[in-house]
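Residue-level structure breakdown
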Amino acid sequence: MPEVEVVLSTPLAQFADGESKFRVPAGTFQEIIDKVYERHPTLRVRMEDNSGALLPFVSVYIGEDSIRDLGSLDVAVAPNSTVMIMSAVAGG
């Protein structure tokens, strides 16, 4: 089955048992993020609100494209793509 690589930022990897890179089956972004949550359930509360929308401080890139610019979580993600999921870090 074709896969995509998921890369988590360091702040999010701490909620994924320290795993910052792994592969999941390709599909739509929604299908991919569901697989990420299956693998690491604690990420869900760190990444989305009660309605399932990504929190404002979470950035997701499929290759170089921001998921927010693509307009839908149902966008198809090509096999062998990289999905980067990052969260803003507070500080100064």
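The coordinates are above.
Report follows, based on the coordinates. Because the structure is predicted, anything quoted here is derived from the model rather than measured.

**Structural notes on the nonpolar core**
Ranked by size, the top nonpolar core spans 24 residues in total, and within it Leu8, Met47 and Ile85 carry the most contacts. Secondary-structure elements contributing two or more residues to this core are β1 (3-8), α1 (10-13), β2 (21-25), α2 (29-39), α3 (43-47), β4 (58-62) and β7 (82-87). If one sorts the elements of this core by residue count, α2 sits on top with 5 residues. Those residues within four positions of Leu8 in sequence are excluded, and the remaining contacts are Ala13, Ala16, Glu19, Ser20, Phe22, Leu43 and Ile85.

**Notes on the sheet that holds strand β5 (residues 65-66)**
Taking strand neighbours across the sheet as the criterion, the 5 strands line up as β2-β1-β7-β4-β5 in an open arrangement whose pairing is mixed. Since the sheet does not close on itself, it has two edges, and those belong to β2 and β5, each with one partner. Inspection of the sheet shows β1 paired to β7 by 4 bridges, in the parallel sense. In the strand pairing of β7, Glu5 is matched with Thr82.

**Regarding the environment of Ile62**
Examined against the element boundaries, Ile62 turns out to sit in strand β4. Owing to a relative accessible area of 11%, Ile62 belongs among the buried residues under this scheme. A sequence separation of 59 residues divides Ile62 from Glu3, and the C-alpha atoms of the two residues are 13 Å apart. Leave out the neighbours within four places in its chain, and Ile62 touches Phe29, Ile67, Leu70, Val75, Val77, Thr82 and Val83.

**Topic: the side chain of Ser66**
Within the fold, Ser66 resides in strand β5. By relative accessible area, Ser66 is classed as buried at 14%. What Ser66 contacts, discounting residues up to four positions off in sequence, is Val60 and Tyr61.

**Considerations on α2**
For α2, the set of buried residues is Phe29, Ile32, Ile33, Val36 and Tyr37. Looking down the long axis of α2, one finds its buried residues gathered within 140 degrees of arc, a one-sided arrangement.

**Points about the environment of Val77**
Along the chain, Val77 falls in strand β6 (residues 76-77). The residues touching Val77, leaving out its near neighbours within four places in the chain, are Val4, Ala26, Gly27, Thr28, Phe29, Ile32, Ile62 and Val83.

**Overview of the pattern of salt bridges**
Under the definition given, this model contains 4 salt bridges. In this structure, Arg23 and Glu3 form a salt bridge, with 3.3 Å as the shortest nitrogen-oxygen distance. One end of the pair, Arg23, is in strand β2; the other, Glu3, is in strand β1, with 20 residues separating them in the sequence. Between Glu19 and Arg39 there is a salt bridge, with its nearest N and O atoms 2.8 Å apart. With Glu19 in the loop between α1 and β2 and Arg39 in helix α2, the pair connects residues that are 20 residues apart, well separated along the chain. Look at Glu19 and you get partly exposed, because its relative accessible area is 22%.

What counts, and at which threshold
- Residues numbered from 1 in each chain as written.
- Predicted model: local features only at pLDDT ≥ 70, side-chain atom pairs only at ≥ 80, totals over all residues.
- Heavy atoms only, no water.
- Core = buried A, V, L, I, M, F, W, Y, C linked by side-chain atoms within 4.5 Å.
- Buried < 20%, exposed > 50% of the residue type's maximum accessible area, 1.4 Å probe, protein only.
- Helix = DSSP H or I, 4+ residues; strand = E, 2+ residues; numbered from the N terminus.
- Contact = heavy atoms within 4.5 Å.
- Pairing = 2+ DSSP bridges.
- Arc of directions from axis to C-beta.
- Salt bridge = Lys/Arg side-chain N within 4 Å of Asp/Glu carboxyl O.

No statement about biological role is implied by the geometric values presented.
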